[in-house]
Amino acid sequence: MSKIQIIPLGGVRESGKNLYAVEVNQSIFVLDCGLVYPEGEMLGIDYVIPDFSYLEENKERIVGIFLTHGHADAVGALPYLLEVVDAPVFGTEFTIAIASITAKAKGLGDRLENFFKIDEKMEIEFEDAQVTFFKTTHSIPDSVGIVIHTDEGQIVYTGDFRFDAGATPLYQTEFGRLTDIGEAGVLALLSDSANAESSFENVSDLRVLDEIVETFSNADGRVIVACIGSNISRIQQVMDAAYHTNRKIFFSGTELYDIVDTALKMDKIKIPSRRILGQIKQLNTTPDEEVVILETGDVGEPLKAVEAMCRGQHRQVKIKEGDLVYIASTPSLAFETTMARIKDQVYRCGATVQEITDHISTSGHASQTDLKLMLNFLKPKYLIPVNGEYRMQNAHAVLARQLGYKDEQLLLPALGDVIELHQGVLQITKQVEAGDVLVDGIGVGDIGSVVLRDRRILSEEGIFIVVATISRRLGRVLVGPQITSRGFIYVKENIEILQTCSTMTLDTLDKHLASDNFDWNELKQDIRDQIGRYLYQETKRRPVVLPIIMEASSYQMPNE
Ligand SMILES: [Zn+2]
């Protein structure tokens, strides 16, 4: 009888940032280690990673970190985990290649000797459990699901997946293996919920290819394809479609997005024929109807590059009349306003825009039918919907109920919930520390909600700085107050407001200097409150008020 715990440390009640700890007796198996890109209101934050406190506290017990695929939501936070935890990393060839790039970029090149390539035929024995893998279909090749074999049954984590009977070999699911796993008895299934809410069925990749071919054939001029670099299967289809329509592919941008570059070097993107590869210097001498420009964006964000092409700020490409901008991967909802703005600019250049989703529904994640099929294959005793916000986890649970699952078989944990096996029953028993850590350029976790609030206020309301020099010994204000504002009001037109602020500050300074219990914090707070209140009353805005009060202790009055 093994002691079993499953702890989602990321990836539940949120999209992305997958991180699950499965404990079998004393061993901890870490599944995925992803990050998430922040939403609009997190100013200046590059990305969000999971809180690793629990894993750090228990690092001696971690036997391995197992990765399902090479997307940022599965491997992006790995370098940060490796900074606090020293454990071997397991993944398929392509996944390890991508994980290695991110590790090297963080200066962790010496850890690569602890990275191990696995494949779907391998069985890895650990003291408390065995780990195996099964191939899945996703928008990036070499995706796998993970199985942890315990004497209480198997624990299966799908990673991001979908089903597609028309998938090419690099992307095919091993249906036979799924049946075998189901036969052997699954205790718990952690399954992808990202697309559980959508009632649209994904079309097969074969149909997607037809759609792209048709688009390329119907276009009279150049086609500029904007496709997110991590969608390797889509880039493959764009290559194939260019081949079928006798167009040449030109990669724009100075350097290729590293995932695409790695995929090309490792033959994970198959080039149908050398003749389709165009040299960017030949772009202007190639007839328009033979051109496909592939833009994956410098940091994987192609829409920004398209915008630069419209404005004539792109180094190689300028959008012109007759061009078709083809959005070949669906940007997340967060980009909706950007998208609308860019479309407008494209049309103003005399070009047109088409989105792949205008005609077909396609996603790298399991549709409702796919999710039901997975449940049918694996027949788990318990379903734990993961990789999704609460409403998606819930939609996944609703599907399971349609298949006859009872409420007690469906577990919808929050971050840090400990799901424990007790006398054959899995239930949430307690919580461990879990949450978000914000990464801002080089700093990790030193940005809290207060800093974010200040950044938001600064960007929306501006800043108001009050500078003065005082002498407590002399009990008087020596210099100032001087008032500066940025991003708030135009100084020349608001002399009166500034003068009032200056007088108010002077009064406050005098009052505090006269007091017997002078306190720096109280003084600054008092200035902030008074000025803040006054500015709000006058302007209905709340800028950041920053009093900088200095003490001139050795100051001598000239006539002293
Ligand atoms: Zn993915």
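Heads up: the structure comes first, above all this text.
For every chain, the first residue of the written sequence is number 1, and numbering continues from 1 along that sequence. Under the rules for a predicted model, residues below a pLDDT of 70 receive no local features and side-chain atom pairs below 80 are neither given nor counted, while totals for whole chains, interfaces and linings still include all residues. Side-chain metrics rest on all non-hydrogen atoms present in the structure, leaving aside hydrogens and water.

Q: When you look at the overall build of the protein chain in this model, what are you seeing that I'm missing?
A: Secondary structure elements follow DSSP: runs of H or I of four or more residues count as helices, runs of E of two or more count as strands, with numbering from the N terminus. Regarding its fold elements, the protein chain presents 15 helices and 25 strands. If one aligns the C-alpha atoms of the protein chain with their principal axes, the spans along those axes are about 95 × 70 × 45 Å. Only protein chains enter the accessibility calculation, which uses a 1.4 Å probe. A residue is then buried if its area is under 20% of the maximum for its type, exposed if over 50%, and partly exposed in between. Residues classed as buried in the protein chain amount to 55% of the 560 residues present. Residues count as neighbours in contact if any of their non-hydrogen atoms are within 4.5 Å of one another. Put simply, of all contacts in the protein chain between residues at least 6 apart along the chain, 73% involve residues at least 24 apart. Throughout, the Shrake-Rupley method with a 1.4 Å probe supplies accessible areas, and for residues the shown protein chains are the sole cover considered. A total of about 25300 Å² of accessible surface is found on the protein chain, and carbon and sulfur atoms cover 48% of it. Residues counted as positive are Lys and Arg, residues counted as negative are Asp and Glu, and His and the chain ends are not counted. We put the charge of a Lys on NZ, of an Arg on CZ, of an Asp on CG and of a Glu on CD. Counting 54 positive and 81 negative side-chain charges, the protein chain places the centres of these two groups 4 Å from one another.

Q: Before we go on, may I ask you to explain the pattern of salt bridges in this structure?
A: Oppositely charged side chains can pair when the atoms bearing their charge come close. For salt bridges, the criterion is a side-chain nitrogen of Lys or Arg within 4 Å of an Asp or Glu carboxyl oxygen. Inspection of every chain in the model, using the stated rule, returns 23 salt bridges. Here R111 and D86 are joined by a salt bridge, their closest N and O atoms 3.3 Å apart. With R111 in the loop between α4 (93-105) and β7 (115-117) and D86 in the loop between α3 (78-84) and β6 (89-91), this residue pair connects regions lying 25 residues apart in the sequence. Accessibility expressed as a relative area gives 16% for R111, which makes it buried. Residue class for D86 comes out exposed when judged on its relative accessible area of 58%. Between R207 and E211 there is a salt bridge; the shortest N-O distance is 3.6 Å. On the criterion of helical spacing, the pair formed by R207 and E211 is a turn pair, its members being four residues apart in helix α6 (residues 205-218). In this structure, a network of salt bridges that share partners links the residues E14, K17 and D436.

Q: Sorry, what's going on with the packing of aromatic side chains here?
A: Two descriptors summarise a pair of aromatic rings, namely the distance from one centre to the other and the angle between the planes of the rings. Put simply, two rings from Phe, Tyr or Trp (the six-membered ring, in Trp's case) pair if the centres are within 6.5 Å, and we call them stacked under 30 degrees between planes, edge-to-face over 60, tilted for the rest. Applying the stated criterion across every chain, the model contains 13 aromatic pairs. A connected cluster of aromatic rings, assembled from ring pairs, spans F29, F66, F90, F116 and F126.

Q: Looking at this structure, how should I read the coordination of the zinc ion?
A: Six octahedral donors at a metal ideally form angles of 90 or 180 degrees, and four tetrahedral donors ideally form angles of 109.5 degrees. Here the zinc ion is held by H69 (NE2), H71 (ND1), H138 (NE2) and D160 (OD), and the distances to it run 2.2 to 2.3 Å. Note: metal donors comprise N, O and S atoms at 2.8 Å or less from the metal (3.2 Å for Na, K and Ca); water molecules are not included, so apparent gaps in a site are possible. Here the metal geometry follows the donor angles, with tetrahedral for four donors whose angles all fall between 85 and 135 degrees, square planar for four and octahedral for six when opposite donors are more than 155 degrees apart and every other angle is between 65 and 115, and irregular for all the rest. Around the zinc ion, the four donor atoms sit at angles spanning 87 to 166°, and that spread fits a shape best called irregular. Site description for the zinc ion: donor spacing in sequence, H-x1-H-x66-H-x21-D. Of this pair, H71 sits in the loop between β5 (62-66) and α2 (72-75) while D160 sits in the loop between β11 (153-157) and α5 (175-184), and the two are 89 residues apart along the sequence. Judged on exposure class, the residue H71 and its partner D160 are both buried.

Q: Sorry if this is basic, but what is going on with the sheet that holds strand β8 (residues 123-125) here?
A: In a beta sheet, neighbouring strands pair by backbone hydrogen bonds and run either parallel or antiparallel. With respect to topology, six strands assemble into an open sheet ordered β8-β9-β10-β11-β12-β18, the strand pairing being mixed. Each edge of the open sheet carries a strand with a single partner, namely β8 and β18 (382-386). Recorded for the sheet is a direction-independent mean angle of 20° between the axes of neighbouring strands. Any two strands with at least two DSSP bridges between them are considered paired. Of the strand pairs in this sheet, strand β9 (residues 130-135) and strand β10 (residues 144-150) are connected by six bridges, and their pairing is antiparallel. Following the sheet pairing, T132 is matched in β10 by V147. Throughout, an axis means a line fitted to C-alpha atoms (over the contacting stretch in the case of helices), and angles, computed between N-to-C directions, take values from 0 to 180 degrees. Its contacts with the sheet place helix α11 (residues 368-378) against β9, β11, β12 (186-192) and β18, and it is angled at close to 165° to β12. Across the face of the sheet, helix α12 (residues 390-402) comes into contact with β12 and β18 while running at roughly 150° to β18.

Q: Whenever I open this one, the packing of helix α7 (residues 232-244) against helix α8 (residues 258-265) confuses me. Can you help?
A: Angle between the axes and distance between the axes are the two parameters that describe a pair of packed helices. Two elements in contact, α7 and α8, have axes separated by 11 Å at closest approach and are oriented at 65°. Between α7 and α8 the crossing geometry is right-handed. Note on element contacts: α8 touches α7 through I259, V260, A263 and L264, opposite I232, I235 and M239. Taken together, the residues that form the contact of α7 with α8 break down as seven nonpolar, no polar and no charged. With the far helix as reference, a near helix turned anticlockwise by less than a right angle produces a left-handed crossing, and one turned clockwise produces a right-handed crossing. Residue polarity follows a fixed list, in which Ala, Val, Leu, Ile, Met, Phe, Trp, Tyr, Cys and Pro are nonpolar, Asp, Glu, Lys and Arg are charged, and the others, Gly among them, are polar.

Q: How should I be thinking about the nonpolar core in this particular structure?
A: One broad trend across soluble globular proteins is that nonpolar side chains are buried collectively. For this analysis, a nonpolar core means a set of buried residues of the types Ala, Val, Leu, Ile, Met, Phe, Trp, Tyr and Cys, connected via side-chain atoms within 4.5 Å. By size, the foremost hydrophobic cluster in this structure holds 68 residues, and its most contacted members are F52, L55, I65, L78, F216 and V225. For this core, the element with the highest residue contribution is α7, accounting for six residues. Shared between two domains, this core takes at least three residues from each, and those domains are domain 1 (4-199 + 363-444) and domain 2 (205-358). If we skip the residues at most four places from it in the chain, L78 touches C33, I65, L67, V89, A99 and F115. Ranked by size, the runner-up nonpolar core spans 32 residues in total, among them V22, I155, Y382 and I384. Just so you know, the domain bounds were taken from an automatic or database domain assignment.

Q: Got a minute to help me understand the sheet that holds β5 in this structure?
A: An order of β7-β6-β5-β3-β2-β1-β19-β20 is seen for the eight strands of this open sheet, with the pairing classed as mixed. Two strands close off the open sheet at either side, each with one partner strand: β7 and β20 (425-431). Mean inter-strand twist for the sheet, computed between neighbouring axes without regard to direction, equals 25°. Of the strands in this sheet, β6 and β7 touch α4, which is tilted by about 160° from β7.

Q: I keep staring at helix α15 (residues 520-539) and nothing clicks. Help me out?
A: Along an α-helix, a turn takes 3.6 residues, which lines up residues three or four apart on a common side. What a helix is expected to span follows from its residue count: subtract one and scale by 1.5 Å. In this model α15 runs 28 Å from its N-terminal to its C-terminal C-alpha over 20 residues, within 8% of the 28 Å that 1.5 Å per residue would give. Within α15, burial applies to L523, D526, I527, I531, Y534 and L535. All buried residues of α15 fall inside an arc of 145° around its axis, so they share one side. Counted as exposed and oriented over 90 degrees from the buried face of α15: N521, R533 and Q537. Those residues of α15 that are buried are in contact with β23 (463-471), α14 (495-514) and β25 (544-551). For α15, the N-terminal cap is D519; the gap from its side-chain oxygen to the backbone nitrogen of N521 is 2.9 Å. Positive phi shows up at K540, right after α15, with a value of about 60°. Note that the arc is computed from the directions linking the helix axis to the C-beta atoms. As used in this structure description, the phrase polar contact means that two N or O atoms lie within 3.5 Å; if the pair is within protein, one of them must be able to donate a hydrogen and the other to accept it, and residues adjacent in sequence are counted only when both atoms belong to side chains.

Q: Even after reading the chapter, I still don't get α14, so can you show me in this structure?
A: Here α14 contains 20 residues, and its C-alpha end-to-end distance of 29 Å stays within 8% of the 28 Å for a straight helix at 1.5 Å per residue. Considered for burial, the residues of α14 that qualify are I497, L498, C501, M504, T505, T508, L509, H512 and L513. Projected down its long axis, α14 carries its buried residues within an arc of 165°, all on one side. In α14, those exposed residues whose orientation departs by more than 90 degrees from the buried face are E496 and A514. Considering only its buried residues, α14 is in contact with β23, β24 (476-486), α15 and β25.

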